[in-house]
Amino acid sequence: MTPAPETIVLDRREQAESDLAGEIAALVRERGRIVLGLATGDTPTGLYRELARLRREKLLDCSRVVAFGLDEYLGLEPDDPRTFAGWIREKVLELLGIPEGSRHVPATDVPGDLTDVERCAAYERSIRDAGGIDLQILGIGRNGHIAFNEPPSTGDSRTRVVQLHPWTREDAAPVFGGLANVPTRAITMGIATILDAKRIRVLAFGSRKAAIVARALGGPIGPEVPASFLRGHADLRIWLDREAARELHSGRPVRP
Ligand code: GLP
């Protein structure tokens, strides 16, 4: 199995978080305004803390950063703290000082009585109107999902409503106080929406991700492992810790 050449394997996840935070801060310093794609989940939380630290130390100014969330549960009240909109607001947008008018999350993003299909189309339009995503932060689900593109998801998929996979609902059960309370549907950017981002930066940590990381980077590219489509992107970088990388078999692409 040959991992993507941009794969970086590190001893500690903090090194990955600091590398990626440094790249984002440099991009913001260079351009002022960038469009950032945000992931939820445990994986990027250290990265967001590191970005918040850079901001506190006046090394990062997000006043012109525009943010787009990847996905959202359907069926929760808008003020439910378990929405991704609430999670992103608390853990990212507030801490980084991204202005109110520059925050976007699917489903809640557009006012009025739109159908799901209209909401999805509106989200695609807002991303395009913002000039496209400059840098997309991504994690990988245990079943190979990116955002909520559950297997099988096609490479040409766009923002849409999806049914959540049993593993995804199982993983979310602790947060919802039991499987029965986990939403069954979500809205998600599609694979093609994600692949439109100019840079894609993926983080995967821990032994729970080892099997899927090996399939995503070394197995066939196709709908059964949605993350495998990332390998077709021209500017992709993936950071793994040793546990997540342990099923990659070829010569290890450890950072020099
Ligand atoms: C979630 C999100 C994904 C995330 C993934 C992994 O449900 N929709 O965007 O990457 O699952 O989550 P974690 O980082 O907690 O393992």
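Cut-offs and rules
Residues numbered from 1 in each chain as written. Predicted model: local features only at pLDDT ≥ 70, side-chain atom pairs only at ≥ 80, totals over all residues. Heavy atoms only, no water. Helix = DSSP H or I, 4+ residues; strand = E, 2+ residues; numbered from the N terminus. Rg over C-alpha atoms; globule rule 2.2 N^0.38 Å. Buried < 20%, exposed > 50% of the residue type's maximum accessible area, 1.4 Å probe, protein only. Contact = heavy atoms within 4.5 Å. Areas by Shrake-Rupley, 256 points an atom, 1.4 Å probe, with all protein chains shown as cover. Lys, Arg positive; Asp, Glu negative; His and termini not counted. Charge placed at Lys NZ, Arg CZ, Asp CG, Glu CD. Pairing = 2+ DSSP bridges. Axes fitted to C-alpha atoms, helices over the stretch in contact; angles between N-to-C directions. Near = heavy atom within 4 Å. Polar contact = N/O pair within 3.5 Å; in protein donor to acceptor, adjacent residues only side chain to side chain. Parallel < 35°, antiparallel > 145°, perpendicular 65-115°, else oblique. Left-handed = near helix turned anticlockwise from the far one by under 90°. Nonpolar A, V, L, I, M, F, W, Y, C, P; charged D, E, K, R; others polar. Salt bridge = Lys/Arg side-chain N within 4 Å of Asp/Glu carboxyl O.

A.B. asks: Could you clarify how one ought to interpret the overall build of the protein chain in this entry?
C.D. replies: Within the protein chain, the regular secondary structure consists of 7 helices and 10 strands. In terms of overall dimensions, the protein chain is globule-like: its C-alpha atoms have a radius of gyration of 17 Å, near the 18 Å expected for 256 residues. Oriented by its inertia axes, the alpha-carbon framework of the protein chain measures out at about 55 × 45 × 35 Å. Expressed as a percentage of the 256 residues in the protein chain, the buried residues total 56%. Expressed as a percentage of contacts within the protein chain between residues at least 6 apart in sequence, the contacts between residues at least 24 apart total 80%. As displayed, the protein chain has an accessible area near 11600 Å², and 51% of this comes from carbon and sulfur atoms. Of the charged side chains in the protein chain, 35 are positive and 36 negative; the average position of the first set lies 4 Å away from that of the second.

A.B. asks: How should I be thinking about the sheet that holds strand β8 (residues 185-188) in this particular structure?
C.D. replies: Strand pairing in a sheet takes place through backbone hydrogen bonds and is either antiparallel or parallel in direction. In space, the 3 strands of this open sheet follow the order β4-β8-β7, with antiparallel pairing throughout. Where the open sheet ends on each side, the last strands, each with one partner, are β4 (71-73) and β7 (160-163). Strand-to-strand twist in this sheet, taken as the mean axis angle between neighbours without regard to direction, amounts to 25°. Both β4 and β8 contribute to a ladder of 3 bridges, which runs antiparallel. Bridge pairing in β8 places tyrosine 73 opposite alanine 186.

A.B. asks: Please explain the pairing of strand β6 (residues 135-138) as it appears in this structure.
C.D. replies: Along a regular strand, successive side chains alternate from one face of the sheet to the other. Burial of β6 is two-sided: the residues Leu135 and Ile137 facing one way and the residues Gln136 and Leu138 facing the other way are all buried. The pairing of strand β2 (residues 35-38) with β6 spans 2 bridges and is classified as parallel. Along β6, the bridge assignment pairs glycine 37 with glutamine 136. As paired elements, β6 and strand β9 (residues 199-204) share 4 bridges and run parallel to each other. Bridged to isoleucine 137 within β9 is arginine 201.

A.B. asks: Sorry, what's going on with the site of the ligand here?
C.D. replies: Every residue close to the ligand is listed here: Thr40, Gly41, Asp42, Thr43, Asp71, Gly139, Ile140, His145, Ala147, Phe148 and Lys209. In this structure, a nitrogen atom belonging to the ligand sits 2.7 Å away from a side-chain N or O atom of aspartate 71. Within the side chain of histidine 145, one N or O atom sits 3.1 Å away from an oxygen atom of the ligand.

A.B. asks: Sorry if this is basic, but what is going on with the packing of helix α2 (residues 45-56) against helix α3 (residues 84-96) here?
C.D. replies: Between two packed helices, both the angle of their axes relative to each other and the distance between the axes serve to describe the pair. Interaxial distance between α2 and α3 falls to 8 Å at its minimum, and their mutual angle equals 25°. As judged from the angle between their axes, α2 and α3 are roughly parallel. Our pair here, α2 against α3, has a crossing hand that is left-handed. Residues Thr45, Tyr48, Leu51, Ala52 and Arg55 of α2 lie in contact with α3, whose contacting residues are Trp87, Lys91, Val92, Glu94, Leu95 and Leu96. Class assignment for the residues of the contact of α2 with α3 results in 7 nonpolar, 1 polar and 3 charged.

A.B. asks: So what exactly am I meant to see when it comes to the pattern of salt bridges here?
C.D. replies: Side-chain pairs of opposite charge can arise where the charged atoms are in close proximity. A complete count under the given rule lists 23 salt bridges for this structure. Between arginine 237 and glutamate 23 there is a salt bridge whose closest N-O contact spans 3.5 Å. One end of the pair, arginine 237, is in strand β10 (residues 236-241); the other, glutamate 23, is in helix α1 (residues 13-31), with 214 residues separating them in the sequence. For arginine 237, a relative accessible area of 30% gives the class partly exposed. Here arginine 201 makes a salt bridge to aspartate 235, at a shortest N to O gap of 3.0 Å. Of this pair, arginine 201 sits in strand β9 while aspartate 235 sits in the loop between α7 (210-218) and β10, placing them 34 residues apart in sequence. In this structure aspartate 235 comes out as partly exposed when scored by relative accessible area, which is 29%. Through salt bridges with shared partners, a single network forms among Glu23, Arg199, Arg201, Asp235 and Arg237.

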